[in-house]
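Spelled out, the chains give:
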Amino acid sequence: MNRFSLIAALATLATAACSPEEEPPSMTVGDTPTSARTPDGAFISWREHLIDDPATSGVPVSGSDGLGMADLDGDGFEDVVSVHESDTSYDGEADGHVRIAFASDDPDVWTNVTLAEGAEAAAPEDVDIADVNGDGHPDVIVAAELAHLIYFQNPGTDVRTTDWPRLMLPMTRNRGSYIRVFLADFDGDGRPEAIAPNKGTQNPRPEDYERLTPISVFHATGDPLAPDGWRETVLGNYSVPHNAQPVDVDGDGDLDIVGGIRGGPRMVWFENTDGDVGDLVEHPIDVEGVAVAGFHLAHADLNGDGRTDIVTAARFGEPGSRPLVGPSMGLVWLAQPATPDAPWTVHRIGDFGSDSVTGIALADIDGDGALDVMSGSYSLGPRDDDGDVTVNDALGRLGWFRNPGVTDGEWTRHDISRRKRGMFDDFEPRDLDGDGDIDFVGTRGNSAPYDGVFWLEQVRTEAPVPAFTRARAEDSPEMPLPPG
């Protein structure tokens, strides 16, 4: 008997065992046979593989958040740099891990090393990778929520075993809470700048929204390992800014910046007019009927009009509230207007019901030529114990939304997994196994001791099979969808 037949038989027995007054038990999301299909009729399911986790590495990582990918050692395979807050609560303790998973020709064989830990990796939240010093080797920069921005310089040789030289950027030390960081060349000189929002404190309270903190660009003007080798340009001060992402919004060939601001909430974009970061022109991203804060976002021209659109999370019907999580949270795409200061048009993609929407990535998952959306959610129960949660609570969801291929069409949600605990914050689309379809590399938090880095293999079959095959024999339990 194959797995699909076995699951169907078990479901039938479970229903028969119920008395007429009882509701039959619901099938968990991961065990539900997939309905997702490719244009040629193949069924799409997902198999989880571990890259870096405490059980295999012996390193107690937890609170896993951002990741970046690049070939750090020059062997032709993309490696993974990941950051881990090492928290099961907001305890204010400045510790954490920055890890590198060195790839091989086998996507299930990785060599994991610690790049930084403890106080210099003080609740790291995000990471980006680029060649900052111009020596041809990718370098790393990390945003730490309880401390600073920290730059790691690729040594170029013996990358896996040599300590990487590093610098905590002096103007960021003990200056607030850095939650995002990106490396990109804004002025066209061939050398990337770092851009980062400072949200002020790790876990903002109501009174923290009254003070303003900066979105800044940091220029490596000299030796990036020297304390005087960096200069800061403040783009503006805002109420809990938590994103500042390089995007060519106006399609003129240079990079602009999209900012996400929790206070309000609101989004803005900074127009790059002449390559001088100090002269960026701020424009609002005005929308109607939803509240958007741009905590995570992805971008592409989704309607084919030649303008860059934005995919992000929104709270529907509550434009005056701060969008965090809850049943009114969902995904939208914002169509860019023809003129910079006109309102952006909101198109609804979908939602996860009682689960939040956080991590976002665009990729053509089913191979039909249109960009779909992979997304994940944050569970709101305990982070180190499954706790007394129900199907109606905000749990850890993985799922994707199929693009209908027309501007006003209805997107179809395909659920992958729903567990009592999970925080799926970041995804990188890659064909990791070289079979021609899109897989995803991601991080998982809120799930100690199951936090870490994983990849989702896209599996295509002739017949429907369960939507998700997990990597661990023991894990936070799979859950059904909420009723209704």
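Residues numbered from 1 in each chain as written. Predicted model: local features only at pLDDT ≥ 70, side-chain atom pairs only at ≥ 80, totals over all residues. Heavy atoms only, no water.

1. So, the overall build of the protein chain
Regarding its fold elements, the protein chain presents two helices and 29 strands. For 484 residues, the compact-globule estimate of 2.2 N^0.38 gives 23 Å, and the protein chain sits close to it at 22 Å. Expressed as lengths along the three principal axes of its C-alpha atoms, the size of the protein chain is roughly 75 × 55 × 45 Å. Looking at the protein chain as a whole, 56% of its 484 residues qualify as buried. Surface accessibility of the protein chain: about 18700 Å² in total, with carbon and sulfur atoms responsible for 48%. (Helix = DSSP H or I, 4+ residues; strand = E, 2+ residues; numbered from the N terminus. Rg over C-alpha atoms; globule rule 2.2 N^0.38 Å. Buried < 20%, exposed > 50% of the residue type's maximum accessible area, 1.4 Å probe, protein only. Areas by Shrake-Rupley, 256 points an atom, 1.4 Å probe, with all protein chains shown as cover.)

2. A word on the sheet that holds strand E20 (residues 329-335)
Read across the open sheet, the four strands follow the order E18-E19-E20-E21; overall the sheet is antiparallel. Taken across any chain shown, the strands that pair with only one partner, and hence form the sheet edges, are strand E18 (290-300) and strand E21 (345-350). The mean angle between the axes of side-by-side strands here comes to 35°, regardless of whether they run parallel or antiparallel. Pairing of E18 with strand E19 (residues 309-316) involves seven bridges; the strand directions are antiparallel. The residue of E19 that forms the bridge with Val 292 is Ala 314. (Pairing = 2+ DSSP bridges. Axes fitted to C-alpha atoms, helices over the stretch in contact; angles between N-to-C directions.)

3. Comments concerning the nonpolar core
Grouped together as the largest cluster of nonpolar side chains are 18 residues, with contacts concentrated most on Leu 72, Val 81, Val 98, Val 140, Val 142, Phe 152 and Trp 164. Breaking this core down by element, the ones donating at least two residues are strand E3 (79-84), strand E4 (97-102), strand E5 (111-117), strand E6 (124-130), strand E7 (139-144) and strand E8 (149-152). For this core, the leading source of residues is E4, giving three residues. Other than its neighbours up to four places away in sequence, Val 81 contacts Gly 66, Leu 67, Gly 68, Leu 72, Val 98, Arg 99, Ile 100, Val 127, Ile 129 and Val 140. (Core = buried A, V, L, I, M, F, W, Y, C linked by side-chain atoms within 4.5 Å. Contact = heavy atoms within 4.5 Å.)

4. Observations regarding the sheet that holds strand E15 (residues 256-261)
If you trace the four strands from one edge of the open sheet to the other, you get E14-E15-E16-E17, paired in antiparallel fashion. Here the strands that pair on one side only, and so sit at the sheet edges, are strand E14 (241-247) and strand E17 (281-284). Across the sheet, the axes of successive neighbouring strands diverge by a mean angle of 25°, strand direction being ignored. Sheet topology note: the E14/E15 ladder contains six bridges and is antiparallel. Paired with Pro 241 across the strands is Ile 261, a residue of E15.

5. As for the packing of aromatic side chains
Enumeration according to the criterion identifies six aromatic pairs in this entry. With a centroid separation of 6.0 Å and an interplanar angle of 50°, the aromatic rings of Trp 46 and Phe 440 are classed as tilted. Of the two residues, Trp 46 is situated in strand E1 (residues 43-52) and Phe 440 in strand E27 (residues 439-444); the sequence distance between them amounts to 394 residues. The exposure class of Phe 440 is buried, given its relative accessible area of 1%. Every member of this aromatic cluster is reached through a ring pair, and the members are Trp 46, Phe 427 and Phe 440. Between Arg 180 and the ring centre of Phe 295, over which it is positioned, the NZ or CZ distance is 4.5 Å. (Phe/Tyr/Trp six-rings, centres within 6.5 Å; stacked < 30°, edge-to-face > 60°. Lys NZ or Arg CZ within 6 Å of the ring centre and 35° of its normal.)

6. Brief notes about the environment of Arg 211
Position of Arg 211 relative to the elements: it lies in the loop between strand E11 (193-197) and strand E12 (213-220). Using a relative accessible area of 40% as the deciding quantity, one classes Arg 211 as partly exposed. Put simply, Arg 211 and Asn 237 are 26 residues apart on the chain and 8.9 Å apart in space, counted from C-alpha to C-alpha. Here Arg 211 is in contact with Gly 200, Thr 201, Tyr 238 and Ser 239, once residues within four sequence places are set aside. Polar contacts involving the side chain of Arg 211 include one to the main-chain carbonyl oxygen of Gly 200, which spans 3.4 Å. (Polar contact = N/O pair within 3.5 Å; in protein donor to acceptor, adjacent residues only side chain to side chain.)

7. Some words on the pairing of strand E22 (residues 360-363)
What you see with E22 is no split at all: Ile 360 and Leu 362 on one side and Ala 361 and Ala 363 on the other are buried throughout. Note that E22 and strand E23 (residues 372-376) share four bridges and pair antiparallel. The partner of Leu 362 across the bridge, within E23, is Val 373.

8. Here's the deal with the side chain of His 347
Looking at the element boundaries, His 347 is found in strand E21. The class for His 347 is buried, based on a relative accessible area of 13%. Residues within four places of His 347 in sequence aside, it is in contact with Val 332, Trp 333, Ala 335, Thr 407 and Asp 408.

9. Examining the pattern of salt bridges
Scanning the entire structure with this criterion turns up 26 salt bridges. Between Arg 47 and Glu 457 there is a salt bridge, with the nearest N and O atoms lying 3.1 Å from each other. Note that Arg 47 is positioned in strand E1 and Glu 457 in strand E28 (residues 452-461), a separation of 410 residues in sequence. What makes Arg 47 partly exposed here is its relative accessible area of 33%. Look at Glu 457 and you get buried, because its relative accessible area is 14%. The salt bridge involving Arg 444 is made with Asp 475; its shortest N-O contact spans 3.0 Å. Here Arg 444, found in strand E27, pairs with Asp 475, found in the segment after strand E29 (468-469); they are 31 residues apart in sequence, far enough to count as distant. Owing to a relative accessible area of 1%, Arg 444 belongs among the buried residues under this scheme. The class of Asp 475 is buried, set by a relative accessible area of 10%. (Salt bridge = Lys/Arg side-chain N within 4 Å of Asp/Glu carboxyl O.)

10. Topic: the environment of Arg 418
Looking at where Arg 418 falls in the secondary structure, it is placed in strand E25 (residues 412-419). What makes Arg 418 buried here is its relative accessible area of 0%. Taking the C-alpha atoms as reference points, Arg 418 and Ser 377, 41 residues apart in sequence, are found 9.3 Å from one another. Of note is the side chain of Arg 418, whose polar atom sits 3.2 Å from the side chain of Ser 354.

11. Some points on the confidence of the model for the protein chain
The predicted model of the protein chain has a mean per-residue pLDDT of 91, with 91% of residues at 70 or higher. Predicted confidence is poor over residues 1-24, with pLDDT under 50, and the contacts of this stretch with residues over four places away or in other chains come to 17 contacts. (pLDDT = per-residue confidence, 0-100.)

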